[in-house]
Amino acid sequence: QKEVEQNSGPLSVPEGAIASLNCTYSDRGSQSFFWYRQYSGKSPELIMFIYSNGDKEDGRFTAQLNKASQYVSLLIRDSQPSDSATYLCAVSGFKTIFGAGTRLFVKA
Amino acid sequence: DAGITQSPRYKITETGRQVTLMCHQTWSHSYMFWYRQDLGHGLRLIYYSAAADITDKGEVPDGYVVSRSKTENFPLTLESATRSQTSVYFCASSARERLDGYTFGSGTRLTVV
């Protein structure tokens, strides 16, 4: 079992829809959770972080954390073609582990 | 300019040559990291540093050497480049490693021929 797992995708959603990206992790001691966006040929960019169970909203982005079930998700509302990218989940406990990423494609 | 910069952006080298990739950050972040990113493997940690003169191995350190004599610089050296080291290399920094997330440099695309 990988320490941080993401569906590689591609996840394809129509413009204006909600994109839901999921991530599961194995270390129950993990305390901090991050979402990065990486456009093709570019470096990862931090877009969200969450520490506590529940939801955290920032504009069109909502991060959701459920430590009991060991998953973290990212919702993108009103998806735009410019949201098309690979989204990396990162989990920090004793060490920081990155997932391999989910490719999102938003169709105009 | 403020931020984290990597150089060069692109590099082609021959097998067996020594190559140094540079990383410079202007925030005085304590933590700095080197990752490589390959298709099918995602980001893999090569080395990291918690402060000047403190470095430690990551997941894939073999064939690489790092140093950190100054807080702002964290060069990565490939001692004798091999084709398997062809990759995109990212440097990153963080003020509080497990709380703040990372800021990544633009990357260096290295090709070993």
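Just above, that's the structure.
Note that the structure is a prediction, hence the values are computed from the model and not measured.

Section: the overall build of chain A
When helices and strands are tallied, chain A shows zero helices and 11 strands. Written out in order from the N terminus, the α and β elements of chain A read β-β-β-β-β-β-β-β-β-β-β. Here the C-alpha radius of gyration of chain A, 13 Å, is about what a compact globule of 108 residues would show, namely 13 Å. A separation threshold of at least 6 residues defines the contact pool for chain A, and within that pool the share at least 24 residues apart is 53%. Summed over all atoms, the accessible surface of chain A reaches about 5,300 Å², with 49% contributed by carbon and sulfur. Counting 11 positive and 10 negative side-chain charges, chain A places the averaged centre of each group 4 Å from the other.

A word on the side chain of S73 of chain A
Looking at the secondary structure, you find S73 of chain A in strand β8 (residues 71-76). Ignoring anything within four residues of it in the chain, the contact list for S73 of chain A reads L21, N22, W35, T62, A63 and Q64 of chain A.

Thoughts on the sheet that holds strand β6 (residues 54-58) of chain A
All names here are of chain A. With respect to topology, five strands assemble into an open sheet ordered β1-β3-β8-β7-β6, the strand pairing being antiparallel. With partners counted over all chains shown, the strands left at the sheet margins are β1 (4-6) and β6, one partner each. Neighbour-to-neighbour, the strand axes of the sheet open up by a mean angle of 20°, direction not taken into account.

Some remarks on the nonpolar core
If you look at the biggest cluster of nonpolar residues, it comprises 24 residues, and the most contacted ones within it are W35, V72, L74, I76 and Y87 of chain A. Listed by contribution, the elements that provide at least two residues to this core are β3 (19-25), β4 (32-38), β5 (45-50), β7 (61-66), β8, β9 (85-92) and β11 (102-107) of chain A. Formed by 19 residues, the second largest nonpolar core is a distinct cluster that contains I46, L76, Y89 and L110 of chain B.

Structural notes on the environment of N22 of chain A
With respect to the element layout, N22 of chain A can be found in strand β3. Along the backbone, N22 of chain A and G101 of chain A are 79 residues apart, and their C-alpha atoms lie at a distance of 9.8 Å.

A look at the side chain of S93 of chain B
All names here are of chain B. In this structure, S93 sits in strand β9 (residues 87-94). What makes S93 buried here is its relative accessible area of 0%. Here H29 takes part through its side chain, which lies 2.9 Å from a polar atom of the side chain of S93. Leaving out residues up to four positions away in the same chain, S93 has contacts with I4, Q25, W27, H29, Y31, M32, F33, G101, Y102 and T103.

Describing the pattern of salt bridges
The full count for this structure, using the stated rule, is nine salt bridges over all chains. Close ionic contact of K95 of chain A with E3 of chain A constitutes a salt bridge, the shortest N to O distance being 3.8 Å. Remark: E3 of chain A occurs in the segment before β1 and K95 of chain A occurs in the loop between β9 and β10 (96-98); sequence separation between them is 92 residues. Classification of E3 of chain A as partly exposed rests on a relative accessible area of 40%. Between D38 of chain B and R36 of chain B there is a salt bridge, with its nearest N and O atoms 2.8 Å apart. Where salt bridges share partners, they join R36, D38 and R44 of chain B into one cluster.

As for the interface of chain A and chain B
Between chain A and chain B, the contact holds 17 residues from the first and 14 residues from the second. When chain A packs against chain B, close to 1,200 Å² is buried across both sides, 52% of that on carbon and sulfur atoms. Across the contact surface, chain A and chain B share nine residue pairs in polar contact (both at pLDDT 80 or more). Of all elements in the fold, only β4, β9 and β10 of chain A reach the threshold of two or more residues within the side of chain A that touches chain B.

Quick notes on the rules
Residues numbered from 1 in each chain as written. Chains lettered and ligands numbered in written order. Predicted model: local features only at pLDDT ≥ 70, side-chain atom pairs only at ≥ 80, totals over all residues. Heavy atoms only, no water. Helix = DSSP H or I, 4+ residues; strand = E, 2+ residues; numbered from the N terminus. Rg over C-alpha atoms; globule rule 2.2 N^0.38 Å. Contact = heavy atoms within 4.5 Å. Areas by Shrake-Rupley, 256 points an atom, 1.4 Å probe, with all protein chains shown as cover. Lys, Arg positive; Asp, Glu negative; His and termini not counted. Charge placed at Lys NZ, Arg CZ, Asp CG, Glu CD. Pairing = 2+ DSSP bridges. Axes fitted to C-alpha atoms, helices over the stretch in contact; angles between N-to-C directions. Core = buried A, V, L, I, M, F, W, Y, C linked by side-chain atoms within 4.5 Å. Buried < 20%, exposed > 50% of the residue type's maximum accessible area, 1.4 Å probe, protein only. Polar contact = N/O pair within 3.5 Å; in protein donor to acceptor, adjacent residues only side chain to side chain. Salt bridge = Lys/Arg side-chain N within 4 Å of Asp/Glu carboxyl O. Buried area = accessible area lost by both parts, 1.4 Å probe.

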